[in-house]
Amino acid sequence: MEIIEVQDYEEMSQKAAQIIISKVIHNPEMVIGFATGGTPKGTYRHLIEDHQKNGTSYSRISSVNLDEYAGLEANSPNSYRYYMNHSLFNHLDINMDQTHVPNGTAKQLEEECRRYDGLIDELGGVDLQILGMGVNGHIGFNEPGTSFTSPTHVVELAESTRKANARYFESLEDVPTHAVTMGIGTIMKSKHILLLVSGNEKAEALANLQKGAVTEEVPATILNHHPQVTVIADKQALSQTLTRR
Ligand code: PGA
């Protein structure tokens, strides 16, 4: 696992964008796995800026997203499809038909999960998966205790996750109770994982990851078993750990 230490959120976002851009230039048909949440927002801003200034093209890439709330329509401002369209896709030359987010309103969510894993396989797998991490070490919506071999599945969200995400909703009651998420097994099949970590509240989870002990109680620790992980973490996130460059 390579750890890139940066000063702050802004530098993390710049570095992450640089890595993504150079990969896209090198392989214009790559499959990118995108994440939502507060962490990658700055990275997406830099991708848009670069696209506008330098013309990096996304017209031939495909994308898959990690997760989606159950029950939210794509045009609901809190759905992850809406987030992706507005925070990134609408500002790039990406082919919308080649962007994929789990359908949280599918009648048969279990079937949707199987469809999604099949789709990822058909695309030839994810070349670069961008990941954030929850305060409890969750990745995607894989909460503590999730099997490391899990495929895409329906999850009941942890109370701490619903509370952390309530800031985007009118009230805690409006936060969906369930979601569809790529499983940890699905995430681990990605060829390269780019984990972004910023802020004090993530320091304990990051320290657990760096200790090297792999436990289902901290889902992100499985990344110690992945052959190609790049972590970009800022000073605050690294405040509970010794860093190696
Ligand atoms: P955040 O969420 O980027 O909004 O901190 C990360 C996560 O919960 O996976």
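Residues numbered from 1 in each chain as written. Predicted model: local features only at pLDDT ≥ 70, side-chain atom pairs only at ≥ 80, totals over all residues. Heavy atoms only, no water.

**Q** I tried to follow the site of the ligand on my own but got confused; where do I start?
**A** Around the ligand lies a shell formed by Gly 37, Gly 38, Thr 39, Gly 132, Met 133, Gly 134, His 138, Arg 167 and Lys 202. Note that an oxygen atom of the ligand is positioned 3.3 Å from one of the side-chain N or O atoms of Arg 167. Lys 202 is positioned with one of its side-chain polar atoms (N or O) 2.7 Å from an oxygen atom of the ligand. Taken by itself the ligand offers 280 Å² of open surface, and the protein chains cover 81% of this. Using a 2 Å cut-off from the grid points, one finds that the ligand occupies the largest pocket. (Near = heavy atom within 4 Å. Polar contact = N/O pair within 3.5 Å; in protein donor to acceptor, adjacent residues only side chain to side chain. Areas by Shrake-Rupley, 256 points an atom, 1.4 Å probe, with all protein chains shown as cover. 1 Å grid on protein atoms, 1.4 Å probe; cavity = no way out; pocket = protein on both sides within 12 Å on 5 of 7 lines; lining within 4 Å. Sits in = over half its atoms within 2 Å of the grid points.)

**Q** Whenever I open this one, the side chain of Ser 79 confuses me. Can you help?
**A** Structurally, Ser 79 is set in the loop between strand S4 (67-69) and helix H3 (80-87). Discounting residues that sit within four places of it in the chain, Ser 79 has contacts with Glu 68, Leu 72, Glu 73 and Ala 74. (Helix = DSSP H or I, 4+ residues; strand = E, 2+ residues; numbered from the N terminus. Contact = heavy atoms within 4.5 Å.)

**Q** Hey, could you run me through the layout of surface pockets in this one?
**A** Gaps left between atoms show up when a probe the size of a water molecule is rolled over them. In this structure, the largest pocket spans a volume of roughly 770 Å³. Considering the residues around the largest pocket, the lining is formed by 38 residues, among which Thr 36, Gly 37, Gly 38, Asn 165 and Arg 167 are closest to the centre. If you list the elements that add at least two residues to the lining of the largest pocket, you get S4, H3 and helix H5 (159-165). Broken down by element, the lining of the largest pocket gets its largest block of residues, five residues, from H3. (Points joined across faces, edges and corners; volume = space filled by probe spheres on them.)

**Q** Would you take a moment to explain the packing of helix H1 (residues 9-26) against helix H2 (residues 41-54) for this structure?
**A** Axis angle and axis distance: for two packed helices, these are the angle between their axes and the distance between the axes, and together they describe the pair. The N-to-C vectors of H1 and H2 enclose an angle of 50 degrees; their axes lie 8 Å apart at closest approach. Considering their axes alone, H1 and H2 lie oblique with respect to each other. Crossing angle aside, the handedness with which H1 passes H2 is right-handed. Judged by residue contacts, Tyr 9, Glu 10, Ser 13, Gln 14, Ala 16, Ala 17, Ile 20 and Ile 21 of H1 engage Lys 41, Gly 42, Thr 43, Arg 45, His 46, Leu 47 and Asp 50 from H2. Its residues assigned to classes, the contact of H1 with H2 comprises six nonpolar, five polar and four charged. (Axes fitted to C-alpha atoms, helices over the stretch in contact; angles between N-to-C directions. Parallel < 35°, antiparallel > 145°, perpendicular 65-115°, else oblique. Left-handed = near helix turned anticlockwise from the far one by under 90°. Nonpolar A, V, L, I, M, F, W, Y, C, P; charged D, E, K, R; others polar.)

**Q** Would you mind showing me how to read the pattern of salt bridges here?
**A** Counted according to the given criterion, the structure contains seven salt bridges. The salt bridge involving Glu 11 is made with Lys 15; its shortest N-O contact spans 3.7 Å. Taken as a pair, Glu 11 and Lys 15 lie in helix H1 at a separation of four residues, close to a single helical turn. With relative accessibility at 28%, the residue Lys 15 sits in the partly exposed group. (Salt bridge = Lys/Arg side-chain N within 4 Å of Asp/Glu carboxyl O. Buried < 20%, exposed > 50% of the residue type's maximum accessible area, 1.4 Å probe, protein only.)

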